[in-house]
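One-letter residues, chain by chain:
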Amino acid sequence: MSRVRLENVSKKFGTAIGVDQLNLTIEEGEFFTLLGPSGCGKTTTLRMIAGFYYPTTGRIWFDDRNVTEVPPQKRNTGMVFQNYALFPHMTVSENVAFGLEVAKVPKPEIRERVEEALQQVRLGGYGDRRIAQLSGGQQQRVALARSLVIRPGILLLDEPLSNLDARLRDEMRSEILSLQRSLGITTVYVTHDQTEALSMSDRIAVFNQGTCQQVGTPEEVYNCPRNAFVASFVGETNLFPATVEEVSAEAVRVRSMGKTFQVRHRREEAGFSAKPGDRLFLTLRPEAVDLAREEEEGSTFTANMEWVQFMGTSFHCEARLENGASLKAMFVNRPDWMGRLREGDQVRFRFPEERLQLIPEGETNV
Ligand SMILES: Nc1ncnc2c1ncn2[C@@H]1O[C@H](COP(=O)(O)OP(=O)(O)OP(=O)(O)O)[C@@H](O)[C@H]1O
């Protein structure tokens with residue numbers, strides 16, 4: 001098992017920047033996810049950890065070993081690719097055995113280890129099948145077995161679930177996670193899917209345009225996003241432009257959409273400071289939006305319901321506020337609410353002040 005450290009790592013492709021000045025530490029045994037939209041640099045980062053790319057500048061460490069320019073086969077990492085990269089003309093066992101054959105491991109040991117790896121991914125008895133005879137999910141398991149059979153210190157997974165249908169994805173998510181937990185192997189997982197990242201990871205690094213925007217536990221990244229990009233990429237959110245009126249020890253008073261809001265401080269640790277006149281975003285997650293009671297005043301807004309979607313466990317809706325801003329809201333399904341949320345209706349919403357947060361307007365880097 002290894003701890004992985006990236007120190008001021010940048011990767012340029014000609015003049016294009018793949019990754020810029022990245023500093024990351026992935027702890028031993030951790031399930032660590034690189035999350036971000038297409039082209040943000042997550043695969044480039046994973047490939048540098050694997051040794052398929054060398055950084056243009058900076059250093060990579062596995063524990064105390066500088067591996068910056070060590071070739072992939074000498075790093076003891078196991079990698080699962082998005083398209084699995086299996087050999088279609090070989091059997092399952094031959095695919096899994098490949099790395100051990102190359103390393104000239106004795107035949108009886110290869111047989112034993114291949115069987116053990118297939119058991120780990122619940123493919124015991126499938127050794128003689130051909131790859132073409134397997135479903136997508138089974139092929140994914142073969143790829144996983146092939147990466148585990150070499151007993152790597154670090155497991156690298158590049159969007160391993162993106163070719164599977166939704167139900168299989170959920171199933172494989174739990175399987176990969178329980179395998180990782182039982183082996184205790186340091187794992188770096190690349191995905192653009194925030195649900196995968198939130199549900200599987202010990203910690204997440206959120207990427208945008210080649211830079212890391214925030215590193216934290218799923219709860220930290222979701223509940224205390226550091227900037228507008230993280231707030232809107234990890235989950236959905238409402239962002240309303242606001243101006244700071246007054247800053248006290250406990251709260252910041254802001255003006256937004258013609259109303260005044262008191263927002264409790266909770267960002268000192270992130271180095272956030274605001275002064276009167278500053279422009280920033282007031283944010284509120286859709287699930288924090290509430291319906292106002294008849295007599296209620298204060299932070300309430302009348303809005304026109306533009307659409308409502310029933311999702312089974314919840315209703316998702318979007319409404320247009322009087323000032324033209326749109327508001328996303330989400331309500332847990334309660335049968336007694338049927339018919340209360342209808343497209344075209346005037347609805348009064350409440351913004352609970354304890355759920356409001358402030359995010360600096362221009363901040364894009366950590
Ligand atoms: N071999 C390459 N040559 C030139 N540019 C590259 C190369 N690989 C990546 N890039 C560029 O570097 C940036 C980061 O790419 P990267 O593949 O790491 O993104 P990603 O977040 O993994 O995206 P995706 O999810 O689409 O794979 C992109 O702008 C991409 O075009």
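Residues numbered from 1 in each chain as written. Predicted model: local features only at pLDDT ≥ 70, side-chain atom pairs only at ≥ 80, totals over all residues.

As named in an unreviewed UniProt entry, the protein chain is Spermidine/putrescine import ATP-binding protein PotA, taken from Melghirimyces thermohalophilus. Word for word, the UniProt comment on the protein chain under Catalytic activity (unreviewed entry) is "ATP + H2O + polyamine-[polyamine-binding protein]Side 1 = ADP + phosphate + polyamineSide 2 + [polyamine-binding protein]Side 1." Listed in UniProt under the heading Sequence similarities (unreviewed entry), the comment for the protein chain reads: "Belongs to the ABC transporter superfamily. Spermidine/putrescine importer (TC 3.A.1.11.1) family." (UniProt positions renumbered as here; feature names shortened; annotations may be inferred.)

**Here we look at the nonpolar core**
Ranked by internal contacts, the top residues of the largest apolar core, which has 80 residues, are Val96, Ala145, Val188 and Val206. Composition of this core by domain shows at least three residues from each of domain 1 (4–228) and domain 2 (237–360). Residue contacts for Val206: discarding those within four places in its chain leaves Leu35, Gly36, Gln213, Gln214, Val221, Val230, Phe233 and Val234. (Core = buried A, V, L, I, M, F, W, Y, C linked by C-beta atoms within 7 Å. Buried ≥ 20, exposed ≤ 12 C-beta atoms within 10 Å, placed from the backbone. Domains from an automatic or database assignment. Contact = placed C-beta atoms within 7 Å.)

**Thoughts on the sheet that holds strand β12 (residues 251–256)**
If you trace the five strands from one edge of the open sheet to the other, you get β13-β12-β11-β14-β20, paired in antiparallel fashion. The open sheet has two edge strands, β13 (259–264) and β20 (357–360), and neither has a second partner. On average, each strand axis in the sheet is inclined to that of its neighbour by 45 degrees, with strand direction left out of account. Here strand β11 (residues 238–247) pairs with β12 via four bridges, running antiparallel. Bridging across to β12, Val247 finds its partner in Val252. (Pairing = 2+ DSSP bridges. Helix = DSSP H or I, 4+ residues; strand = E, 2+ residues; numbered from the N terminus. Axes fitted to C-alpha atoms, helices over the stretch in contact; angles between N-to-C directions.)

**Quick word on the site of the ligand**
Contacts to the ligand come from Phe13, Ala16, Gly18, Gly36, Ser38, Gly39, Cys40, Gly41, Lys42, Thr43, Thr44 and His192. At the level of elements, β2 (16–26) and α1 (42–50) are the ones that each hand at least two residues to the shell around the ligand. Top element by residues in the shell around the ligand is α1. It accounts for three residues. Partitioned by chemical class, the residues of the shell around the ligand number three nonpolar, eight polar and one charged. (Near = placed C-beta within 6 Å. Nonpolar A, V, L, I, M, F, W, Y, C, P; charged D, E, K, R; others polar.)

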